[in-house]
Amino acid sequence: EASRFVSDLDGDLIELVKGNAEELPFEENSLQGISCVYLFHELPRPIRENVLKEFFRVLEPGGTLVLADSIQVDDSPDFIQIMENFHKSFHEPFYSDYIKEDINSRIRATGFNNIECNSFFMTKVWSAVK
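Residues numbered from 1 in each chain as written. Predicted model: local features only at pLDDT ≥ 70, side-chain atom pairs only at ≥ 80, totals over all residues. Heavy atoms only, no water.

1. Some points on the sheet that holds strand β1 (residues 31-37)
Then comes step 1: A sheet is described by the order of its strands in space; here four strands give the open sequence β1-β2-β4-β3, paired in mixed fashion. Each having just a single partner strand, β1 and β3 (113-120) make up the two edges of the open sheet. The mean angle between the axes of side-by-side strands here comes to 10°, regardless of whether they run parallel or antiparallel.
Then comes step 2: Here β3 runs beside strand β4 (residues 123-129); their pairing, made up of six bridges, is antiparallel. (Pairing = 2+ DSSP bridges. Helix = DSSP H or I, 4+ residues; strand = E, 2+ residues; numbered from the N terminus. Axes fitted to C-alpha atoms, helices over the stretch in contact; angles between N-to-C directions.)

2. Considering the pattern of salt bridges
Then comes step 1: Under the counting rule described, the total for this entry stands at eight salt bridges.
Then comes step 2: A salt bridge links Asp97 to Arg48; the shortest N-O distance between them is 2.6 Å. Here Asp97, found in helix α4 (residues 95-98), pairs with Arg48, found in helix α2 (residues 45-58); they are 49 residues apart in sequence, far enough to count as distant.
Then comes step 3: Given a relative accessible area of 31%, Asp97 falls into the partly exposed group.
Then comes step 4: We classify Arg48 as buried; its relative accessible area is 1%. (Salt bridge = Lys/Arg side-chain N within 4 Å of Asp/Glu carboxyl O. Buried < 20%, exposed > 50% of the residue type's maximum accessible area, 1.4 Å probe, protein only.)

3. What to know about the side chain of Lys124
Then comes step 1: Within the secondary structure, Lys124 is located in strand β4.
Then comes step 2: You can call Lys124 buried: its relative accessible area is 8%.
Then comes step 3: Here Gln72 takes part through its side chain, which lies 2.8 Å from a polar atom of the side chain of Lys124.
Then comes step 4: Only 3.2 Å separates the side chain of Lys124 from the side chain of Asp75, close enough to count as a polar contact.
Then comes step 5: Discounting residues that sit within four places of it in the chain, Lys124 has contacts with Leu67, Ala68, Asp69, Ser70, Ile71, Gln72, Asp75, Cys117, Asn118 and Ser119. (Polar contact = N/O pair within 3.5 Å; in protein donor to acceptor, adjacent residues only side chain to side chain. Contact = heavy atoms within 4.5 Å.)

Function cannot be read off these values alone, since they describe shape.
Below, the structure is given as structure tokens:
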């Protein structure tokens, strides 16, 4: 559906590529930016680490990474009970681990710099530069 929608747009050609985030079909240092929306809480911790490494591999030096996902425990103490029960109600097996992981440290350990992080109600957004 997305391919059909973007093919009708005027301007530069947009190509949607379906693939495994651990093995992106792009050359090393070939992309200027990557956005990733609500994927990380769906992945087990070792896979989140692999995906960040893959993002780093395909971004060119100076390229920007933007991640958006659920808030985490440290972001909003008022929502801890909701977050801790979310995985039970919505069958999210990796969510409990995600809400406790220090994603900032993981991004930094991967090699990214200029890491910024902001929370907006129930969404947390990170940006970083290779």
